[in-house]
Amino acid sequence: MTTVITYGTYDLLHYGHIRLLERAKALGDKLIVGVTADAYDQERGKLNVQQSTLERVEAIKATGLADQVIIEEYEGQKIADIQKYDVDIFAIGSDWRGKFDYIGDYCKVVYLERTRGVSSTEIRAASNPMVKCGIRGINRISKKFFEEMQFVSGIEADCAISDDSDFEDCFDGRLNIVDSYDEFYEGINAVAIFDSIDRHFDAVMDALNHGCHVLCAGPLFMNEAEAKEAFALAEEKGLVIFDAVKTLYFPAFEHLLLLIASGHIGQVKSIDVSCSQIPSDFDPKKATKFDGALYDWGGLASLPIVKILGTDYKDIEYFVHREGEADLFTQCLIRYDDAVASFKVGKGVKTEGNMVITGTKGYVYVAAPWWKIDYFEVRHEDLRATRREFYRYAGEGLRYEALEFVRTINSGNLHHRLQSEEEILCEARIVEAFSNQ
Ligand code: CTP
């Protein structure tokens, strides 16, 4: 009895996969197929997979070629599987030639010729048109977004433009910088906006009017009326408005929200958040009011509060410390019916940037800087019951945001799964309350 094992993602199962499975099976008497878990694909940076683990497993089963299907969940599992299932032959496509030679210490390794002319990547590209993105605003953040976009298939940067005359080409000549909006909108179907908040609304409306989906750095809007107007136009045009608040798309943040929603810390009674930074080029004397702490951090700081306690707060109060026009330090209290939240934001001052979510059965502690969350602790009265959760993210994490943007556009559903329109309107109300001070 010869047992053969092979592994793959098998997204949108195609002829190349089937041929590989047939030849792998012909090498022995029993074929085990390892299908990568979603979380493992995410972890190894394979971010473009369209089908869920379950769908991919079902597709493999339906071929009737696999005698057993297993899930591959972590790096290093292959050796454990080979030992566990007493495998004689490890088979894999020739695109992996050389990469699995180390398995030769445990069983025979066979590289099978890859079928030419077909791949999941090509099928994905053919089923969805490329999102061609123009970048509006040339700065440190748009550069990061540009870099991270390279890891996501289905989206590519086409050109960039800046409303400021004295920008520095931070794309190192790798992106076409245009100087007229006619040129900018030619050939793009999405715009990523990384401009100062006072320019967001005009930039968003302009993009929508040119038939482009929008991704815009948060806080997206200065007030609720603007937000509503933009969403109405987006709806009419069938376009997506996406909040570029990267923490929302981090795997750990998503897990944190799920854990809280499942009642693990009981009823949430309070959320305390802080964010601060001393940028090297920040001079409060020269700063305008739009360069201050709240307009920089408000979208991010209010994110966990709105996500967890909801959009229906009762009142909001600000304590603002300004120096010149910009606020250096702003503290905000938001009262809900049976909970209270607070955030502190600082620019040109530094404080501990952690987050504590207090519940009736325990609390969640996220160490500074909480907005780069990859780890959190769930603590209870009984210290031994502490749960430590770790979910890594790749690179700067912005690739998850780009990925979700592409997925939302391709899904044909304007409303995306991680943030509702009402939540973005609520963010606008929180910013508006500050502006009205
Ligand atoms: N495979 C093959 N011929 C193809 C495509 C894939 O023999 N044309 C093999 C791979 O070598 C691997 C298995 O099928 O052993 C699963 O590959 P997977 O990476 O899931 O498929 P791809 O089509 O290569 O996916 P992607 O484009 O996402 O990399």
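Nothing here was measured: the structure is a model prediction, and the numbers come from that model. Here the residue numbers are simple positions, counted from 1 along each chain's written sequence. Per-residue local features are limited, in this predicted model, to residues with pLDDT of at least 70; the limit for side-chain atom pairs, both in listing and counting, is 80 or more; totals at the level of whole chains, interfaces and linings are taken over all residues. Water and hydrogen atoms play no part in the side-chain values, which are based on all heavy atoms of the structure.

Asker: Tell me about the overall build of the chain, and name the residues and values.
Answerer: Runs of E in the DSSP output that reach at least two residues are strands. Runs of H or I that reach at least four are helices, and both are numbered from the N terminus. Counting its secondary structure elements, the chain contains 13 helices and 19 strands. A compact globule built from 437 residues should have a C-alpha radius of gyration of about 22 Å, and the chain, at 25 Å, falls within 12% of that. In terms of overall dimensions, the chain has a C-alpha envelope of 80 × 60 × 40 Å along the principal axes. Here the analysis covers contacts within the chain between residues at least 6 apart in sequence; of these, 68% occur between residues at least 24 apart. Residue-level accessible areas treat just the shown protein chains as cover; the underlying method is Shrake-Rupley with a 1.4 Å probe. Carbon and sulfur atoms provide 47% of the accessible area of the chain, an area that totals close to 20000 Å². In summary, the charge assignment counts Lys and Arg as positive and Asp and Glu as negative, without counting His or the chain termini. Taken as the charge centre is NZ of Lys, CZ of Arg, CG of Asp or CD of Glu, depending on the residue. Considering the chain, the positive charge centre built from 48 side chains and the negative charge centre built from 72 side chains are found 6 Å apart. In this setup the radius of gyration rests on C-alpha atoms only. A globule is expected at 2.2 Å times the number of residues raised to 0.38. Here, residues are in contact when the closest pair of their heavy atoms is within 4.5 Å.

Asker: Now, about a negative patch on the surface: what can you tell me, with residues and values included?
Answerer: Patches in this entry comprise residues that are over 30% relatively accessible and not in a salt bridge; like charges within 9 Å are linked, as are nonpolar side chains (Val, Leu, Ile, Met, Phe, Trp, Tyr) within 5 Å. Only one rule defines a salt bridge in this text: a Lys or Arg side-chain nitrogen within 4 Å of an Asp or Glu carboxyl oxygen. Residues D179, D182, E183 and E186 make up a contiguous surface patch of negative charge. Tracing the sequence through the fold places D182 in helix α7 (residues 181-185). Burial here depends on accessible area, computed with a 1.4 Å probe over protein chains only, as a share of the maximum for the residue type. Under 20% is buried, over 50% is exposed, and the range in between is partly exposed. Under the relative-accessibility criterion, D182 is labelled exposed at 67%.

Asker: Mind laying out the layout of surface pockets, listing which residues take part and the relevant values?
Answerer: Buriedness for pockets is judged along seven lines, at least five of which must meet protein on both sides within 12 Å for an open set on the 1 Å grid over protein atoms alone, while cavities are sets there where a 1.4 Å probe fits but cannot get out, and lining residues have an atom within 4 Å of a point. Grid points are joined across faces, edges and corners, and a volume is the space filled by probe spheres set on the points. Size it by volume and the largest pocket reaches roughly 1900 Å³. Lining the largest pocket are 48 residues; nearest its centre among them are N139, R140, I141, D296 and K347. If one sorts the elements of the lining of the largest pocket by residue count, helix α11 (residues 293-309) sits on top with five residues. When residues are sorted by character, Ala, Val, Leu, Ile, Met, Phe, Trp, Tyr, Cys and Pro go into the nonpolar class, Asp, Glu, Lys and Arg into the charged class, and all the rest, Gly among them, into the polar class. Residue composition of the lining of the largest pocket, grouped by class: 19 nonpolar, eleven polar and 18 charged.

Asker: Requested: an account of the site of the ligand, with residues and values cited.
Answerer: In the region of the ligand, 18 residues are neighbours, and D95, T115, V118, S120 and T121 sit closest. The term polar contact refers here to a pair of N or O atoms within 3.5 Å; inside protein, the definition further demands a hydrogen-donor-capable atom paired with an acceptor-capable atom, and it admits residues adjacent in sequence only when both atoms are side-chain atoms. Between the ligand and T115, the relevant distance is 2.8 Å, taken from a nitrogen atom to a main-chain nitrogen or oxygen of the residue. Within the contact set of the ligand, an oxygen atom lies 2.4 Å away from a side-chain nitrogen or oxygen of T121. When the ligand is considered free in solution it has 570 Å² of accessible area, and contact with the protein chains removes 92% of it. Of all elements in the fold, only α1 (15-26), β4 (89-93) and α5 (120-127) reach the threshold of two or more residues within the shell around the ligand. Near is defined per residue: the residue qualifies when any heavy atom it owns lies within 4 Å of the molecule or strand.

Asker: Lay out the environment of C159 with the relevant residues and their values.
Answerer: Summarising the element assignment, C159 is placed in strand β7 (residues 155-161). Exposure remark for C159: the relative accessible area of 2% places this residue in the buried category. For the pair C159 and K132, spaced 27 residues apart in the sequence, the C-alpha separation amounts to 9.0 Å. Leaving out residues up to four positions away in the same chain, C159 has contacts with C133, G134, I135, L175, N176, V178, F184 and I188.

Asker: Please provide a residue-by-residue account of the pattern of salt bridges, values included.
Answerer: Pairs may arise between side chains of opposite charge once their charged atoms sit close together. Tallying each qualifying case throughout the model produces 31 salt bridges. In this structure, the salt-bridge partner of R124 is D11, at a minimum N-O distance of 2.5 Å. With R124 in helix α5 and D11 in the loop between β1 (3-8) and α1, this pair connects stretches of sequence that are 113 residues apart. Here R124 and D11 have matching classes, each one buried. Of the charged contacts, one joins K132 and E156 as a salt bridge, the two residues approaching to 3.3 Å between their closest N and O atoms. Placement of K132 in strand β6 (residues 131-136) and of E156 in strand β7 is noted, with a sequence separation of 24 residues between them. Salt bridges sharing common partners tie together E224, K228, E422 and R429.

Asker: Could you give an account of the sheet that holds strand β17 (residues 363-366), with specific residues and numbers?
Answerer: Spatially, eight strands are ordered β13-β14-β15-β12-β16-β17-β18-β19 in an open sheet, and the strand pairing comes out mixed. A strand with exactly one partner marks an edge of an open sheet, and here the two such strands are β13 (315-323) and β19 (387-390). Across the sheet, the mean angle separating the axes of adjacent strands is 10° when strand polarity is ignored. Strand direction decides the pairing type here: strand β16 (residues 355-359) and β17, joined by four bridges, are antiparallel. Paired with M355 across the strands is V366, a residue of β17. Sitting on the sheet, helix α10 (residues 251-261) touches β12 (268-277), β16, β17, β18 (375-379) and β19, and the angle it makes with β18 is about 20°. A pair of strands is labelled paired if DSSP reports no fewer than 2 bridges between them. Inter-axis angles, ranging from 0 to 180 degrees, are taken between N-to-C directions of lines fitted to C-alpha atoms, where helices are fitted over the stretch in contact.

Asker: Quick one: what's the story with the pairing of strand β9 (residues 190-193), residue by residue and with numbers?
Answerer: Looking down a regular strand, the side chains alternate between one sheet face and the other. Residue alternation in β9 divides its side chains into two sets, A190 and A192 and V191 and I193, and both sets are buried. Where β9 lies against strand β10 (residues 213-217), four bridges are found, and the strand directions are parallel. If you follow A190 over to β10, its bridge partner there is H213. Chirality of the crossover, the property in question, places the unit of β9, helix α8 (residues 200-209) and β10 among those that are right-handed. Seen with its strands pointing away from the viewer, a crossover is right-handed when the path leading from the first strand over the helix to the second is clockwise.

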